[in-house]
Amino acid sequence: MVGGGPAGAVAAATLGGLGLRAVVLEAATKPRWKPGEALAPECNPILDRVGLSALLASRPDIARRSAGIRSAWGSGEIAYRDGFREPFGAGWIIDRSQFERLLSARAVEAGAEWFWGARLHAIERYGDSWRLDTSGLATHRFDARIVIDATGRPAGVARRLGARRIQYQSQIAKVVGWTARPIEAAWISVESDPDGWWYSASAPNGSQLLAQFRESTAAQAGALKPRIDLYDAIAATRLMRSVVALPPREALTHQAVASAGSAALDHAAGEGWLAIGDAAAAFDPISSQGLSNAIASAEAAAHAARSWIEGSGDALDAYAARMTATYDAYRRALRAHYQTETRWRDRPFWRRRHDWPACR
Ligand SMILES: Cc1cc2nc3c(=O)[nH]c(=O)nc-3n(C[C@H](O)[C@H](O)[C@H](O)COP(=O)(O)OP(=O)(O)OC[C@H]3O[C@@H](n4cnc5c(N)ncnc54)[C@H](O)[C@@H]3O)c2cc1C
């Protein structure tokens, strides 16, 4: 397993449960801050299936039920979607780095060997196996029957092995984080504006996140340190400015510009390898589908890997076809969702989304 984010950790734990030995190579030296703290209600069935619901319920310091989504989208009115009325029950808001720590511990309990500070440096095929070399804190050589790419958006293994990553939509997120007193009602807030949209959430430990989403231009993508200044911009919003209390600049604990568009591999599996999570298909955060796809694809890939090792020659192709179907359904829903906002059809961000051709 290359990559120890949510996808890599769930795949390693599932493989352990299936009696297979997994080795996880994670480039970071410990779980680090990442945006992505909302587990949507639609995640609940997959969280139940992989045994995570009970674990989250037992850790109120890491996860708590979301009150729901309040949004100003499609009109100036603020709409409330109460989490407890959702067909799958309320979603969760998590402390992301503690969540990843929990997933990693669970993978190790299931028998995985976990290497922090191990960045994939080289991979080569020999016979019907792979040889992997790592650099970083942990320099090792590993041999494996099957390799799973869980490296997130870079898709670092699949691309080395010749897969192409196809961009459907480009978008960047300017994200700031800080810590405040935890609040009782954990609402997720979403708001559209003439040039994109906004998102805010508050995790159980009081860590707060505010993100502004914009079309990504070549200049922004190339800039090493684009200016993240949300103070003036938030003043022009309707919902965000009333629910988010930005701290003084010096109290911000995180500032990042993240790629937040949609992209997928042209094929999510090949001879002896599979890609899972964002490496296989990365979703626009407006869909809240990133973590559920990470977990669901990890579970499916672990089962496909076992079938393939046991001799089922088409197991990996079947997995790749499933990923394609998921991504196509997502793109149809994404297009429909953006097209519900009609107030700024003449502005570049919205015009582009209204002009997207229909997907298969
Ligand atoms: C601004 C923003 C907000 C988001 N909000 C949400 C949300 O609210 N809800 C939601 O469901 N999703 C959200 N997402 C998406 C979600 O965070 C991702 O879908 C999720 O992180 C995917 O998990 P993953 O394990 O596939 O990848 P990652 O979490 O990216 O993990 C990949 C891991 O691989 C490691 N790695 C990379 N290269 C190598 C290498 N060469 N060798 C070894 N290790 C390597 C990395 O260090 C990393 O830990 C958001 C995304 C963004 C950008």
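Residues numbered from 1 in each chain as written. Predicted model: local features only at pLDDT ≥ 70, side-chain atom pairs only at ≥ 80, totals over all residues. Heavy atoms only, no water.

Peer 1: Would you take a moment to explain unusual backbone geometry for this structure?
Peer 2: Glycine aside, residues mostly have negative phi, and peptide bonds are mostly found in the trans state. Positive phi, close to 45°, is recorded for Ala 155, a residue that is not glycine. Looking at where Ala 155 falls in the secondary structure, it is placed in the loop between strand E11 (147–149) and helix H5 (156–160). Taking the relative accessible area as the measure of exposure, Ala 155 reaches 0% and is therefore buried. Backbone geometry at Ser 288 places phi at a positive 50°, although glycine is not the residue there. Mapping Ser 288 onto the fold places it in the loop between strand E21 (281–282) and helix H10 (290–309). (Helix = DSSP H or I, 4+ residues; strand = E, 2+ residues; numbered from the N terminus. Buried < 20%, exposed > 50% of the residue type's maximum accessible area, 1.4 Å probe, protein only.)

Peer 1: In this structure, what is going on with the pattern of salt bridges? I would like to understand it.
Peer 2: It is possible for side chains bearing opposite charge to pair when their charged atoms get close. Summed over all chains, the structure comprises 14 salt bridges. We note a salt bridge from Arg 59 to Asp 61, for which the minimum N-O separation is 2.8 Å. Judged by relative accessible area, which is 41%, Asp 61 ranks as partly exposed. A salt bridge links Arg 352 to Glu 215, with the shortest nitrogen-to-oxygen separation between them at 3.2 Å. With Arg 352 in helix H12 (residues 348–355) and Glu 215 in the loop between strand E16 (207–214) and helix H6 (218–222), the pair connects residues that are 137 residues apart, well separated along the chain. (Salt bridge = Lys/Arg side-chain N within 4 Å of Asp/Glu carboxyl O.)

Peer 1: How do you make sense of the packing of H10 against helix H11 (residues 315–338) when you look at a structure like this?
Peer 2: Relative orientation and spacing of two packed helices are given, respectively, by the angle between their axes and the distance between those axes. One can describe the packing of H10 onto H11 by two numbers: an axis separation of 8 Å at closest approach and a directional angle of 160°. When the interaxial angle is binned, H10 and H11 end up roughly antiparallel. Crossing hand, H10 versus H11: right-handed. Where H10 approaches H11, its residues Asn 293, Ala 296, Ser 297, Ala 300, Ala 301, Ala 304, Ala 305, Ser 307 and Trp 308 are matched on the opposing element by Ala 315, Leu 316, Tyr 319, Arg 322, Met 323 and Thr 326. Tallied by class, residues from the contact of H10 with H11 come to 10 nonpolar, four polar and one charged. (Axes fitted to C-alpha atoms, helices over the stretch in contact; angles between N-to-C directions. Parallel < 35°, antiparallel > 145°, perpendicular 65-115°, else oblique. Left-handed = near helix turned anticlockwise from the far one by under 90°. Contact = heavy atoms within 4.5 Å. Nonpolar A, V, L, I, M, F, W, Y, C, P; charged D, E, K, R; others polar.)

Peer 1: So what exactly am I meant to see when it comes to the side chain of Asp 149 here?
Peer 2: Turning to its location among the elements, Asp 149 is positioned in strand E11. For Asp 149, which is buried and forms no salt bridge, the nearest opposite charge comes from Arg 165, at a distance of 7.6 Å. Only 2.6 Å separates the side chain of Asp 149 from the side chain of Thr 151, close enough to count as a polar contact. Among the polar contacts made by the side chain of Asp 149, one reaches the main-chain amide nitrogen of Ala 158 at a distance of 2.8 Å. Those residues within four positions of Asp 149 in sequence are excluded, and the remaining contacts are Val 2, Ala 155, Gly 156, Val 157, Ala 158, Leu 274, Ala 275, Ile 276 and Ala 279. (Lys, Arg positive; Asp, Glu negative; His and termini not counted. Polar contact = N/O pair within 3.5 Å; in protein donor to acceptor, adjacent residues only side chain to side chain.)

Peer 1: Looking at this structure, how should I read the domain arrangement of the chain?
Peer 2: Frequently, the measure chosen for interface size is the accessible area that the parts lose on association. Domain boundaries in the chain define domain 1 (6–72 + 91–168 + 263–335) and domain 2 (170–259). On a C-alpha basis, the centroid separation for the pair domain 1 and domain 2 is 26 Å. The largest per-residue losses of area from domain 1 upon contact with domain 2 belong to Trp 33, Arg 64 and Arg 70, which jointly make up 33% of the total buried on that side. If you look at where domain 1 meets domain 2, you find zero salt bridges. For the side of domain 1 that touches domain 2, the elements supplying multiple residues, two or more each, are strand E3 (63–65), strand E4 (68–72) and strand E6 (92–94). Among the elements that line the side of domain 1 that touches domain 2, the one with the most residues is E4, at five residues. (Domains from an automatic or database assignment. Buried area = accessible area lost by both parts, 1.4 Å probe.)

Peer 1: I would appreciate a short explanation of the site of the ligand in the present structure.
Peer 2: Around the ligand sit 34 residues, and of these Glu 26, Ala 38, Arg 96, Asp 278 and Leu 291 come closest. In the model, an oxygen atom of the ligand is placed 2.6 Å from a nitrogen or oxygen of the Arg 96 side chain. Calculation on the ligand without its partners gives an accessible area of 1,000 Å², and the protein chains cover 91% of this total. Counting residues per element, the ones that place at least two in the shell around the ligand are helix H1 (6–17), strand E1 (23–26), strand E8 (118–126), strand E13 (172–179), strand E17 (254–259), helix H9 (277–280) and H10. Here the shell around the ligand is composed, by residue class, of 17 nonpolar, 10 polar and seven charged. (Near = heavy atom within 4 Å. Areas by Shrake-Rupley, 256 points an atom, 1.4 Å probe, with all protein chains shown as cover.)

Peer 1: When you look at the sheet that holds strand E20 (residues 273–275) in this model, what are you seeing that I'm missing?
Peer 2: One key point about sheets: their strands pair by backbone hydrogen bonds, in either a parallel or an antiparallel sense. The strand order across the open sheet formed by three strands is E11-E20-E19, and the pairing between neighbours is mixed. For this open sheet the edge positions go to E11 and strand E19 (269–270), each flanked by a neighbour on one side alone. (Pairing = 2+ DSSP bridges.)

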